[in-house]
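The chain contents come next:
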Amino acid sequence: MPRMLEVSDEVRAEIGDDEADNLLAGAHAPDSYDCTSCRTPGDSSREATSTVLFVGDETAVLAFAHSRCIPSQVVPVSEEQLAGAVRSISQSQGGAPAPAPVPPAPVPAAPVAGQPSVSATGQPAVLGITCGLVLCGDTGHAALVIEPTGPVGRPGNTTGEDEFLTLLTEQGFQFVEDVNKAPAPLPGWSVLMAMGQLHAILHPTPTGTNAAWWQAHQPLQVTEAWRSAARQLNAVTMYAAPAGTIGRQPREDLLRIALDRATTRGLLVAASLPLAGT
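The sections below set out a description of the structure shown in this document. For clarity, every value in this text was computed on a predicted model and none was experimentally measured. (Residues numbered from 1 in each chain as written. Predicted model: local features only at pLDDT ≥ 70, side-chain atom pairs only at ≥ 80, totals over all residues. Heavy atoms only, no water.)

### Observations regarding the overall build of the protein
At step 1: Helices and strands together make up the secondary structure of the protein, namely 6 helices and 14 strands.
At step 2: Taken over 278 residues, the protein has a buried fraction of 49%.
At step 3: Counting contacts in the protein only where the partners sit at least 6 residues apart, residues at least 24 apart contribute 63% of the total.
At step 4: A total of about 12,900 Å² of accessible surface is found on the protein, and carbon and sulfur atoms cover 52% of it. (Helix = DSSP H or I, 4+ residues; strand = E, 2+ residues; numbered from the N terminus. Buried < 20%, exposed > 50% of the residue type's maximum accessible area, 1.4 Å probe, protein only. Contact = heavy atoms within 4.5 Å. Areas by Shrake-Rupley, 256 points an atom, 1.4 Å probe, with all protein chains shown as cover.)

If you want it as structure tokens, here you go:
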């Protein structure tokens, strides 16, 4: 029986036309599943269902989700994360074998969109991330604050000049003038949540697909309040500042003070990114 499946072009490119057509025809797709995003039951014969391909270094696993929760897409993960996904999928299918792994194609993942980020030493930059609720007017926004551990420059930059904010503004991020005002949406970017955890920040590539701009080494658990705010607005606010600007703040009130100070110094950019998943 045909299934109400959505197979994105990037998923089709990974699994091949034959396997994609078999899925749409119902050959390899389960009738029922537990959504890989919200973890509630789904029925691919009765409701729109997304195919989600978790891609590791050597293998990949196909999972299913409600289309209302997460679009069909390729999700780059570590092999350790992939093993966890296999266990989760197997349990949701009552111990039945998980979908057969398929060979992945290389997944580009640059810390800064369009240009790989490098530190002043020429090594890949490490991007620190802080999750918190930031009040914009009377509304609490789920926020991600990105701060590198050192200066970030384009490949070939040997001067040590920090180009982090320049690289982001070239991609559409705007300087923050007032933290109380929510930033504008940034088309093409999104924040990926799966199984209730934060997985990645995705950005568009020149080929028209999405790739990981930032990816968690292990899925990050977020608070229920953060998740609820993100779900209510269907968006996450991403702030970014150069190394040494914000720091690791233990409380949200201290994080807000640090954001306000960075704004005063002209060192904070932001954008509103749609939420993929829940």
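### Concerning the packing of aromatic side chains
At step 1: Throughout the structure, instances matching the rule amount to 3 aromatic pairs.
At step 2: Taking the centre distance of 5.0 Å and the plane angle of 90° together, the rings of Phe173 and Trp189 count as edge-to-face. Of this pair, Phe173 sits in the loop between helix H4 (164-170) and strand E9 (174-175) while Trp189 sits in the loop between E9 and strand E10 (190-194); the two residues are 16 residues apart in sequence, bridging distant segments of the chain.
At step 3: Assessed through its relative accessible area of 3%, Trp189 is described here as buried.
At step 4: These aromatic residues form a ring-pair network of at least three members: Phe173, Trp189 and Trp213. (Phe/Tyr/Trp six-rings, centres within 6.5 Å; stacked < 30°, edge-to-face > 60°.)

### Some remarks on the nonpolar core
For soluble globular proteins, the rule of thumb is that nonpolar side chains tend to be buried together.
At step 1: By size, the foremost hydrophobic cluster in this structure holds 31 residues, and its most contacted members are Ile146, Phe164, Ile201 and Trp213.
At step 2: Ranked by size, the runner-up nonpolar core spans 27 residues in total, among them Ile15, Cys35, Leu62 and Ala65. (Core = buried A, V, L, I, M, F, W, Y, C linked by side-chain atoms within 4.5 Å.)

### Focus on the pattern of salt bridges
Side chains that differ in sign of charge can pair as their charged atoms come close.
At step 1: The full count for this structure, using the stated rule, is 6 salt bridges.
At step 2: A salt bridge links Arg251 to Asp253; its shortest N-O distance comes to 3.0 Å.
At step 3: A relative accessible area of 46% means that Arg251 is categorised as partly exposed.
At step 4: The exposure class of Asp253 is partly exposed, given its relative accessible area of 40%.
At step 5: Connected through salt bridges with shared partners, the residues Arg12, Asp17 and Asp21 form a single ionic network. (Salt bridge = Lys/Arg side-chain N within 4 Å of Asp/Glu carboxyl O.)

### Things to note about the pairing of E10
Two faces belong to every sheet, and in a regular strand the side chains alternate between them.
At step 1: Summarising burial for E10: 5 of the 5 residues are buried, a large majority.
At step 2: As consecutive antiparallel partners, E10 and strand E11 (residues 197-204) are separated by 2 residues, and within that stretch Met195 has a phi angle of approximately 55°, a positive value.
At step 3: Both E10 and strand E14 (residues 269-276) contribute to a ladder of 2 bridges, which runs parallel. Opposite Leu192, over in E14, you have Ala276 as the bridge partner. (Pairing = 2+ DSSP bridges.)

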